Structure formats: structure tokens, C-alpha cells
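Spelled out, the chains give:
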Amino acid sequence: MIKNNDWNHFFEEQSNQTYFGTLQANIKNSRNKPERVFPPEEQVFNAFEATSPKDIKVVILGQDPYHGFGQANGLSFSVSKGQKIPPSLRNIYKELALEYPDFGTPKHGDLQPWAEQGVLLLNAVLTVEESNANSHKDFGWHIFTDNAIRYVSDHCSNVVFILWGAFAQKKEVLIDAEKHSILKSPHPSPLSARRGFFGCDHFKAANAYLESKGKTKVNWNLP
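Quick caveat: nothing in here was measured; it's all calculated off a predicted structure. Note on numbering: residues in each chain are counted from 1, in written sequence order. This being a predicted model, a pLDDT of at least 70 is required before a residue's local features are given, and a value of 80 or more before pairs of side-chain atoms are given or counted; all residues contribute to the totals for chains, interfaces and linings. Where side-chain values are given, they derive from all heavy atoms of the structure, hydrogens and water being excluded.

This part takes up the overall build of the chain. In this description a helix means any DSSP run of H or I spanning at least four residues, a strand means any run of E spanning at least two, and both kinds are numbered starting from the N terminus. Counting its regular elements, the chain contains 8 helices and 6 strands. Starting at the N terminus and ending at the C terminus, the chain contains elements arranged as α-α-β-α-β-α-α-β-β-α-β-α-β-α. Over its C-alpha atoms the chain spans a radius of gyration of 17 Å, differing by no more than 12% from the 17 Å that the globule rule assigns to 223 residues. Contacts are assigned to residue pairs that have any heavy atoms within 4.5 Å of one another. Long-range pairs, those at least 24 residues apart, make up 68% of the contacts in the chain between residues at least 6 apart in sequence. Accessible surface, the chain: about 10600 Å² in total, of which carbon and sulfur atoms supply 48%. Each charge class in the chain was averaged separately, 24 positive and 24 negative side chains, and the resulting centres sit 5 Å apart. We take the radius of gyration over the C-alpha atoms and set the globule estimate at 2.2 Å times the residue count to the 0.38 power. All accessible areas in this document rest on Shrake-Rupley with a 1.4 Å probe, and a residue is counted as covered only by the protein chains that are shown. We score Asp and Glu as negative and Lys and Arg as positive, and we do not count His or the chain ends. To locate a charge, take NZ of a lysine, CZ of an arginine, CG of an aspartate or CD of a glutamate.

UniProt positions are given in the numbering used here, feature names are shortened, and annotations may be inferred rather than shown by experiment. Here, the residues flagged by UniProt with the feature "active site" (unreviewed entry) are Asp 64. Along the polypeptide, Asp 64 turns up in the loop between β2 (58–62) and α4 (87–99). Think of it in three bands: residues with accessible area under 20% of the maximum for their type are buried, residues over 50% are exposed, and the middle band is partly exposed, with areas taken using a 1.4 Å probe on protein chains only. When its relative accessible area of 17% is taken as the criterion, Asp 64 is described as buried. If sequence neighbours within four positions are ignored, Asp 64 has contacts with Asn 123, Val 125, Val 128, Ala 133, Asn 134 and Ser 135. A 3.5 Å cut-off defines polar contacts: any pair of N or O atoms within that distance qualifies, except that in protein one atom must be a possible hydrogen donor and the other a possible acceptor, and neighbouring residues in sequence count only when both atoms are side-chain atoms. Polar side-chain contacts of Asp 64 include one of 2.6 Å to the backbone nitrogen of Asn 134.

Relative to the assigned elements, His 108 resides in the loop between α4 and α5 (112–115). Judged by relative accessible area, which is 11%, His 108 ranks as buried. A distance of 3.0 Å separates a polar side-chain atom of His 108 from the backbone nitrogen of Asp 110. Once residues within four sequence positions are removed from consideration, His 108 is found in contact with Lys 81, Ile 85, Tyr 93, Leu 222 and Pro 223.

The next point concerns the sheet that holds strand β5 (residues 160–164). One open sheet accounts for 4 strands, arranged β3-β2-β5-β6; its pairing is parallel. Each of the sheet's edge strands pairs with one partner strand only, and the pair in question is β3 (119–123) and β6 (181–185). Ignoring which end each strand starts from, the neighbouring axes of this sheet average 20° apart. As judged from the 3 bridges shared by β2 and β5, these two strands associate in the parallel manner. Its bridge partner being in β5, Ile 60 is matched across the sheet by Ile 162. Fitted lines through C-alpha atoms serve as axes, helices being fitted only where they are in contact, and the angles separating the N-to-C directions of these axes extend from 0 to 180 degrees. Each of β2, β3 and β5 is contacted by helix α6 (residues 141–155), which is oriented at about 155° to β3, the strand it contacts most. In short, DSSP must find at least two bridges between two strands for them to pair.

This is how it looks when you write it as C-alpha cells:
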């Protein structure tokens, strides 16, 4: 299911629960239908493959994968190279440029380099039907990813949880605020970015917190 052995304990815990079998059956049934499902099967757990629990510095929560062909790559807010950069990610880049004047705005939306530095880019739902946003929200993914958030909160120390928008902020109850830093703002979507996302300084704040805890800061530049 996943090649990154550092998550074995978590995945074994989940696979032994009743909901997980139902979740797997729901996904299998969906992939057997004519409608395409994204991301590709081998990328569904990409957030976990790219970032081991012991390396997690930052968690950025998203809602569900992009539902256009070729977009989703298993990382929240990220799209595969060659795809048009989505509006929310464009606004994330704008905020980075506000915080870091030397930030070079990328010509792609692949956030894999962040993941490789310890940024867990986790969507609450990990699969979606083409052109049907949030179509897999009732499959059981929320149980899985809520448990993942709790697992990180319980087993890691001094992690920055970045919660953009009302949906992500509902997950705050899963996080031990005494062990971790929680940053909240409106969502970077064009509908809400100007209500407080722009100017939130979350990228600088995250690095300041990490450095205060003796951790290496994240290089937010994307090659």
C-alpha cells in the first residue's frame, strides 16, 4: 500500500479498523466505473510517501484533490508539472512573495520539494471523481486523515499546523496546542484571500517557530 516504512505502524492501525475495509471497497468500486478517479492509484498516499513522521515540521491541510485530468498528485494544493497553476496556489505564491521579497514565483505548481523537507501536504479526502469536487467525502477518508492528524500530534513534537479556511480550522480539535504551533487564516481561494490570507505571514511564522525549537527552517523556494 505504501513504500515508506516509517508509516507502517499507523497504516497497520488503520487497516485493522472496520472503516478502512469499507473505504478500500468504496475506492475500488469507484475505479471500476467509467468515470476517472484522481489522483492515479500510485499517488494516492504521496503525502505519506514523501514525508516520514520523524521528519515532519509543518502540516498544511487541504480539503480534497483537484478534480481535473492530470492535476492531482497526492499533495494538498499541489499540481503536477505541466498543469496550469490553480488560483489558490497562485495566491499562496503571492503571499510568499509578500513575506520573502526574493521569492522567485515558480512557473509550475509541484510542491514535492516542500514535502521532501518535512512539510506534510495532507488533504482531508485523498481521492475524487473527475469533474466532481468532494465526490468521495463520504467514503471514509475523513476518519483516516483525522486519525493521521492525531497521530502526528501524538507522536511528533513542535510541528506547525497551518489551517487555512473554516474547513481546515475544524481540525484544530485534533491537535495538542501545548505541543505544537497552530496557525489560522482565511483560505487562499480568490473568494477569501483578501479577507486575511494575504498578510498572514504564516511562512515566516512557521520558520521562526521551527528555529526557536532548534529545527531547520523550510526553504519555501521551488526550483
